[in-house]
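Fold and contact review
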Amino acid sequence: MAFMLVGLGAAIGAVIRFTISNWVKRVANIRFPIATFGINLVGSFLIGLLSFNPATSINHLLFSTGVLGGLTTFSTLMNELVIFQRRGQWYSLLQYLILSTVLGVGLAYLGVWVAGWL
């Protein structure tokens, strides 16, 4: 049952990410990967917000691990960092890496705090 919940949630999250990313690429004509950046930050906050009894909760399996795990993407972040490096865009690489890490962790903590789990 747990595998089905995680798999269903991950499929939903991946489709949401794909839809948002394609929409942002059409609307925003910028080279910075704003879609991945925004999705990962929102996902960090939401994962913090939903972080309760992770070992047994159906909500955790479906939403945090599944939907938000499929929505956010570490591998895409890493690939975009490599693209910056290959283009010699070191400032953009460092900016993206530091902002993603610091803001991502901060927003996860904020989500936990808002939920009252601290």
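All of the points below concern the structure found in this document. (Residues numbered from 1 in each chain as written. Predicted model: local features only at pLDDT ≥ 70, side-chain atom pairs only at ≥ 80, totals over all residues. Heavy atoms only, no water.)

Quick look at helix 1 (residues 2-27)
- With 26 residues, helix 1 extends 37 Å from end C-alpha to end C-alpha; this agrees with the ideal 38 Å at 1.5 Å per step.
- Among the residues making up helix 1, those that are buried are Leu 5, Gly 9, Gly 13, Ser 21 and Val 24.
- Residues of helix 1 that are buried in the fold lie against helix 2 (34-49) and helix 3 (58-71). (Helix = DSSP H or I, 4+ residues; strand = E, 2+ residues; numbered from the N terminus. Expected span 1.5 Å × (residues − 1). Buried < 20%, exposed > 50% of the residue type's maximum accessible area, 1.4 Å probe, protein only. Contact = heavy atoms within 4.5 Å.)

Some details on the packing of aromatic side chains
- Under the counting rule described, the total for this entry stands at five aromatic pairs.
- Plain terms: the ring middles of Phe 32 and Phe 37 are 5.8 Å apart, the flat faces sit at 75° to each other, and that makes the pair edge-to-face.
- When the centroid spacing of 5.1 Å and the interplanar angle of 70° are considered together, the rings of Phe 32 and Tyr 96 count as edge-to-face. Remark: Tyr 96 occurs in helix 5 (residues 90-115) and Phe 32 occurs in the loop between helix 1 and helix 2; sequence separation between them is 64 residues.
- Members of the aromatic cluster, connected to one another through ring pairs, are Phe 32, Phe 37, Phe 84 and Tyr 96. (Phe/Tyr/Trp six-rings, centres within 6.5 Å; stacked < 30°, edge-to-face > 60°.)

Considering a nonpolar patch on the surface
- Taken together, the side chains of Leu 8, Ile 12, Ile 16 and Ile 20 define a hydrophobic patch exposed on the protein surface, amounting to about 310 Å² of accessible area.
- Relative to the elements of secondary structure, Ile 20 occurs in helix 1.
- Relative accessible area serves as the criterion here: at 34%, Ile 20 is assigned to the partly exposed category. (Patch = residues over 30% accessible without salt bridge, like charges linked within 9 Å, V, L, I, M, F, W, Y side chains within 5 Å. Areas by Shrake-Rupley, 256 points an atom, 1.4 Å probe, with all protein chains shown as cover. Salt bridge = Lys/Arg side-chain N within 4 Å of Asp/Glu carboxyl O.)

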